[in-house]
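Below are the chains, spelled out letter by letter.
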Amino acid sequence: MVFKVFSTMTKKKEVFAPATGENMVRMYTCGPTIYNFAHIGNFRTYLFEDLLRRFLKFKGFAVKQVMNLTDVDDKIIRDSQQQNISLREFTDPYATAFFEDIKTLHIEPAEVYPRATEHIPEMITLIKVLLEKGFAYKTEDGIYYSIKKFKKYGRLAHIDPAQLKAAASGRVRADEYDKEGLADFALWKFWDEKDGQVFWDTELGRGRPGWHIECSAMSAKHLTAVFDNTGFEKENFTALDIHTGGVDNIFPHHENEIAQSEACFGEKFVRYWLHSEHLLVDNKKMSKSEGNFYTLRDLIAKGFSPSAIRYLLLSTHYRAKLNFTFESLGAATAGLDRLQECVRLLLEAQENSALQSRPSLPVFARLRDGVLRKFERALDDDLDISKALAALFSFVSTTNGLLAKGNLGASDATQALDALKKVNSVLGVLSFAHNSLPSDLDELIHQRELARNKKDWQASDCLRDELLAKGVLVEDTSSGSRWKWAKK
Ligand code: AMP
Ligand code: ZN
């Protein structure tokens, strides 16, 4: 089965194949600007990238993913100066928080997380080549990229060349500018007093890099080119297989990355550009500057489970906008509970001595193979997650029916669990442990069991309330206590 992805460049679904003709996929994903906690809008994009990465692995590819950390830009300089601390002191806690959050959300780590401030020599190398080739020019306050020199400028964002010709006159020094701002952009900003202690002394003068050159330099260094002390080896350039980001990255950031990298290396920069749509709140983009955002920590503090948050953000197709509401998070929690409950019942069936000798149902093997096939076929179609989840829910509902009637033997339960584990290697939302609570909550459940064994009902009720306040609902059944995440 072939994997097709929608390319922002061609606006068509294209069959995916890595450049090397081998199994290795080289993927670059624009990472966070570490001047604040990432919000769940950012995580929607990182989760789309995680889904892509996991599905590539499901299909047998090896993945080398690089995600940069932007640790120097206008906002970081402004905020670190307000607090009177160095860039590193300012950004480190947010980098740490970011890594904690991706772990909480079960996002597989990228192979490399390069920091912009640790790649200044590579940026200088690229800017020097751009100057030599005539794509860049110097002014009194910096070195700029001349967009009219790059004939393909505007292709990714589908900007009309006539519009480009008419508008390409000004220059922008700011790292971010809007869709209307067709202008030359800063590659290197010469130091001025506002930059304070933030500068690098280089052969191009004292200053700091623009935002866009960071990604051209870091993708080259870690994925596409070979650098030595004197620069890069042009003959060893291989285009990136996949470059991703949110749709707001298309223009100007990715357009500028293409202009820089292709002008430098004289080769196609990226083979497949994939972009995810935004997470909205009240139908407006969730963003730090609008102040309409939730962090992962906000939602966990309200009692929602990380898996339900992950499930919600993944369960809408990445190219469709998703409006965040607490109702939808509640529905995602309920949907995930149904899946998790099926896993729990299968684990029980697998260990039930009365079911050990029951022969496998021939029909069940077909069902199990069917769900894997349908799941893969759906995701093969540009990650059609809705169809993939529909196949999964249909399998779960049939399996639940067989379990309820006591028709499923232990060996079928094992087969079903294997299929669900395979599906979960892509979704990353289910737990197959018999007890998968965080250890502090696990400890409370343990204390409650002890209280119940001692028939200390008062203590046991107190502990139940404490668990509920932390989002865990405990139910006492004839076969013992069970827990699940409380619904909102
Ligand atoms: P930033 O830290 O603003 O550079 O954003 C990091 C990543 O998050 C980029 O790939 C953005 O495109 C993405 N992003 C920012 N806001 C949202 C949003 N509301 N929904 C989805 N992705 C977003
Ligand atoms: Zn980038």
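Note that the structure is a prediction, hence the values are computed from the model and not measured.

So, the overall build of the protein chain
When you go through the protein chain residue by residue, the secondary structure sums to 15 helices and 19 strands. Summarising its shape, the C-alpha atoms of the protein chain cover approximately 80 × 50 × 45 Å along the three principal directions. Out of the 488 residues belonging to the protein chain, those deemed buried represent 54%. Residue pairs in contact within the protein chain that sit at least 24 positions apart in sequence constitute 74% of those at least 6 positions apart. Total accessible area on the protein chain is roughly 21700 Å²; 51% of this is exposed by carbon and sulfur atoms. The protein chain carries 66 positive and 67 negative side-chain charges, and their two centres are separated by 6 Å.

Concerning the coordination of the zinc ion (ligand 2)
Within the protein, the atoms that donate to the zinc ion (ligand 2) are Cys30 (SG), Cys215 (SG) and His253 (NE2), at distances of 2.0 to 2.2 Å. As a motif over one chain, the donors of the zinc ion (ligand 2) read C-x184-C-x37-H. Note that cysteine 30 is positioned in the loop between strand E3 (24–29) and helix H1 (40–58) and cysteine 215 in helix H6 (residues 211–224), a separation of 185 residues in sequence. Relative accessible area serves as the criterion here: at 6%, cysteine 30 is assigned to the buried category.

Digging into the site of ligand 1
As a matter of local geometry, ligand 1 sits amid 18 residues, with Thr45, Asp248, Asn249, Leu279 and Met286 nearest to it. Between ligand 1 and threonine 45, the relevant distance is 2.7 Å, taken from a nitrogen atom to a side-chain nitrogen or oxygen of the residue. In isolation ligand 1 exposes 490 Å². Once the protein is present, 92% of that is buried. Of the residues assigned to the shell around ligand 1, the class counts are four nonpolar, 10 polar and four charged.

Overview of the packing of aromatic side chains
One pass over the full model with this rule turns up 25 aromatic pairs. For the pair tyrosine 46 and phenylalanine 98, a centre-to-centre distance of 5.6 Å together with 80° between the ring planes defines the contact as edge-to-face. Here phenylalanine 98 lies in helix H3 (residues 87–104) and tyrosine 46 lies in helix H1, a separation of 52 residues in the sequence. Each member of the pair tyrosine 46 and phenylalanine 98 is classed as buried. Over the aromatic face of phenylalanine 6 sits the side chain of arginine 319, whose NZ or CZ is 3.9 Å from the ring centroid.

Digging into the environment of leucine 47
With respect to the element layout, leucine 47 can be found in helix H1. Accessibility expressed as a relative area gives 0% for leucine 47, which makes it buried. A sequence separation of 266 residues divides leucine 47 from leucine 313, and the C-alpha atoms of the two residues are 7.2 Å apart. Beyond its immediate stretch of four places on either side in the chain, leucine 47 contacts Leu105, Ile107, Arg310, Leu313 and Leu314.

A closer look at the packing of helix H10 (residues 326–351) against helix H13 (residues 410–427)
Two elements in contact, H10 and H13, have axes whose closest approach is 8 Å; the angle formed by their N-to-C orientations is 145°. Crossing angle aside, the handedness with which H10 passes H13 is left-handed. Where H10 approaches H13, its residues Val343, Leu346, Leu347, Ala349 and Gln350 are matched on the opposing element by Ala410, Ala413, Thr414, Ala416, Leu417 and Leu420. Its residues assigned to classes, the contact of H10 with H13 comprises nine nonpolar, two polar and no charged.

Some thoughts on the sheet that holds strand E17 (residues 322–323)
In spatial order, the strands read E16-E15-E17; together these three strands make up an open sheet with mixed pairing. Two strands lie at the open edges of the sheet, namely strand E16 (284–285) and E17, each paired on one side alone. When strand E15 (residues 279–281) meets E16, the two strands line up antiparallel, connected through two bridges. Looking at E16, one finds that valine 281 is bridged to lysine 284.

Regarding unusual backbone geometry
The step from phenylalanine 251 to proline 252 runs through a cis peptide bond, and the omega angle for that step is 0°. Along the polypeptide, proline 252 turns up in helix H7 (residues 250–265). Of note, histidine 106 is a non-glycine position whose phi angle comes to about 55°, a positive value. Its location among the elements puts histidine 106 in the loop between H3 and helix H4 (120–132). Looking at histidine 106, the relative accessible area reads 38%, which means it is partly exposed. Here the phi dihedral of aspartate 382 falls at roughly 50°; this positive angle occurs in a residue that is not glycine. Here aspartate 382 shows up in the loop between helix H11 (362–380) and helix H12 (385–404).

About the cut-offs
- Residues numbered from 1 in each chain as written.
- Chains lettered and ligands numbered in written order.
- Predicted model: local features only at pLDDT ≥ 70, side-chain atom pairs only at ≥ 80, totals over all residues.
- Heavy atoms only, no water.
- Helix = DSSP H or I, 4+ residues; strand = E, 2+ residues; numbered from the N terminus.
- Buried < 20%, exposed > 50% of the residue type's maximum accessible area, 1.4 Å probe, protein only.
- Contact = heavy atoms within 4.5 Å.
- Areas by Shrake-Rupley, 256 points an atom, 1.4 Å probe, with all protein chains shown as cover.
- Lys, Arg positive; Asp, Glu negative; His and termini not counted.
- Charge placed at Lys NZ, Arg CZ, Asp CG, Glu CD.
- Donors = N, O, S within 2.8 Å, 3.2 Å for Na, K, Ca; no water.
- Near = heavy atom within 4 Å.
- Polar contact = N/O pair within 3.5 Å; in protein donor to acceptor, adjacent residues only side chain to side chain.
- Nonpolar A, V, L, I, M, F, W, Y, C, P; charged D, E, K, R; others polar.
- Phe/Tyr/Trp six-rings, centres within 6.5 Å; stacked < 30°, edge-to-face > 60°.
- Lys NZ or Arg CZ within 6 Å of the ring centre and 35° of its normal.
- Axes fitted to C-alpha atoms, helices over the stretch in contact; angles between N-to-C directions.
- Left-handed = near helix turned anticlockwise from the far one by under 90°.
- Pairing = 2+ DSSP bridges.

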